[in-house]
Amino acid sequence: MKKLLAILSVVLFANQASADQLKFEIGDIFSCVTAGNGEKEDHPLGKGSLCCSISSIIFEKLSKELIPTHYINMVGANKMICKTVSIVPLEVICRNRAAGSIVRETTLVEGAPLPQPIVEFFLKDDSKHDPLLTPDRVRLMGYNPDPFVEMTLRINDYLRQMFYILGIDLVDFKVEYGYDAHGDLYLADEISPDSMRLWKIGSDERFDKDLFRNDEGDIVPAYREILDRLQPLAIQ
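Predicted model only: the values in this text are computed from it and were never measured. (Residues numbered from 1 in each chain as written. Predicted model: local features only at pLDDT ≥ 70, side-chain atom pairs only at ≥ 80, totals over all residues. Heavy atoms only, no water.)

### A short note on the environment of M141
One can find M141 in the loop between α3 (135-140) and α4 (145-165). Considering only alpha carbons, one finds M141 and P89, 52 residues apart in sequence, at a separation of 9.5 Å. Excluding residues within four positions of it along the chain, M141 makes contact with P89, L90, L123 and L133. (Helix = DSSP H or I, 4+ residues; strand = E, 2+ residues; numbered from the N terminus. Contact = heavy atoms within 4.5 Å.)

### A word on the packing of helix α1 (residues 47-64) against helix α6 (residues 219-234)
Where α1 contacts α6, the two axes come as close as 9 Å, and the packing angle between them is 30°. When the axes of α1 and α6 are compared, the pair comes out roughly parallel. Judged by the twist between their axes, the crossing of α1 over α6 is left-handed. Counted together, K47, L50, C51, S53, I54, I57, I58 and K61 of α1 and I219, V220, Y223, R224, I226, L227, L230, Q231, L233 and A234 of α6 form the full contact between these two elements. Among the residues making up the contact of α1 with α6, the classes are represented as 13 nonpolar, 2 polar and 3 charged. (Axes fitted to C-alpha atoms, helices over the stretch in contact; angles between N-to-C directions. Parallel < 35°, antiparallel > 145°, perpendicular 65-115°, else oblique. Left-handed = near helix turned anticlockwise from the far one by under 90°. Nonpolar A, V, L, I, M, F, W, Y, C, P; charged D, E, K, R; others polar.)

### Digging into the pattern of salt bridges
Two side chains carrying opposite charge are able to pair once their charged atoms lie near each other. Per the stated rule, a full pass over the model turns up 15 salt bridges. The residue R95 makes a salt bridge to E120 at a minimum N-O spacing of 2.8 Å. Of the two residues, R95 is situated in strand β9 (residues 90-97) and E120 in strand β10 (residues 113-123); the sequence distance between them amounts to 25 residues. Exposure remark for R95: the relative accessible area of 3% places this residue in the buried category. Looking at E120, the relative accessible area reads 16%, which means it is buried. Here E205 ties to K200 by a salt bridge, and the two come within 3.8 Å at their closest N and O atoms. One network of salt bridges, with partners in common, ties together R95, E110, E120, D172, R197, R206, D210 and R213. (Salt bridge = Lys/Arg side-chain N within 4 Å of Asp/Glu carboxyl O. Buried < 20%, exposed > 50% of the residue type's maximum accessible area, 1.4 Å probe, protein only.)

### With respect to α6
Between its first and last C-alpha atoms α6 spans 22 Å; for 16 residues at 1.5 Å apiece the expected length is 22 Å, and the two agree. For α6, the set of buried residues is I219, V220, A222, Y223, I226, L227, L230 and L233. For α6, the capping residue at the N-terminal end is D218, with a side-chain oxygen 3.0 Å from the backbone nitrogen of V220. (Expected span 1.5 Å × (residues − 1). Polar contact = N/O pair within 3.5 Å; in protein donor to acceptor, adjacent residues only side chain to side chain.)

### Quick word on the environment of T69
Structurally, T69 is set in the loop between α1 and β6 (71-74). With relative accessibility at 8%, the residue T69 sits in the buried group. For the pair T69 and G178, spaced 109 residues apart in the sequence, the C-alpha separation amounts to 9.2 Å. Ignoring any residue separated from it by four or fewer positions in sequence, one finds T69 in contact with F59, L62, S63, Y186 and L187. Among the polar contacts made by the side chain of T69, one reaches the main-chain amide nitrogen of Y71 at a distance of 3.2 Å.

### Overview of the nonpolar core
A general feature of soluble globular proteins is that nonpolar side chains tend to end up buried together. Residues I58, I155, L159, F163, Y177, M196 and L230 are the most contacted members of the largest nonpolar core, which totals 50 residues. Ignoring any residue separated from it by four or fewer positions in sequence, one finds L230 in contact with I54, I57, I58, M162, F163 and L166. (Core = buried A, V, L, I, M, F, W, Y, C linked by side-chain atoms within 4.5 Å.)

### Description of the confidence of the model for the protein chain
Summing up the model confidence of the protein chain, the mean pLDDT is 87 and the portion of residues at 70 or higher is 83%. Counted against residues more than four places away or in other chains, residues 1-17, with its pLDDT under 50, gives 48 contacts. (pLDDT = per-residue confidence, 0-100.)

### Here we look at the pairing of strand β12 (residues 168-179)
In terms of burial, β12 is a largely internal element, 11 of the 12 residues being buried. Alignment of strand β8 (residues 86-87) against β12, held across 2 bridges, turns out to be antiparallel. Note that in β12 the partner of I87 across the bridge is G178. Taken together, the 4 bridges between β9 and β12 define a ladder with antiparallel strand orientation. Within β12, the position partnered with C94 by the bridge is F173. The pairing of β12 with strand β14 (residues 196-200) spans 5 bridges and is antiparallel. (Pairing = 2+ DSSP bridges.)

This is how it looks when you write it as structure tokens:
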């Protein structure tokens, strides 16, 4: 198994059994949590396996909704086998309520419900501080933004309902996409509390990386709570 790449909390290995698959490792050795474009960093024990399990459940549920994902299966506590895709250098954000950068950069108040979900694009480049991109800039980069918007809104519709049933408000989330060798678009990377804002309905309790960003608590018990709530859905 040849190691290809290590980025923050993810390690990619070539799968010797298949040229179009990668082993996607979210290991505890590499379970780094960062904020502020890497300026703040920690390595909470157990986070990697929690994120892997949560991502696997969500990918499986989305696949049943006919949303194409790179996920194939989970092997062990912190590894996934995934389809090989070329990652698009975009971070795609879907927002249902105001939080994070949209609050810092506008007059919106944190927690304010948005009239309808919005989809935003950011350049995936920490050295440039992940700037906000307009759809026209995305086109100039050579990508049609419309398929990303359409798939992200479909993901949002499903996840929002799923988390509501679990007593959680999906405030916003980040996803990444990739194209396979045939030019087909897939949801890629991971999808976990590292890349979502999850607030308990009816309270200020949070179950996401903002606990780390804002020095508000330990993310590991919070992530475990999300996994515990999701696990009954994994068998449905």
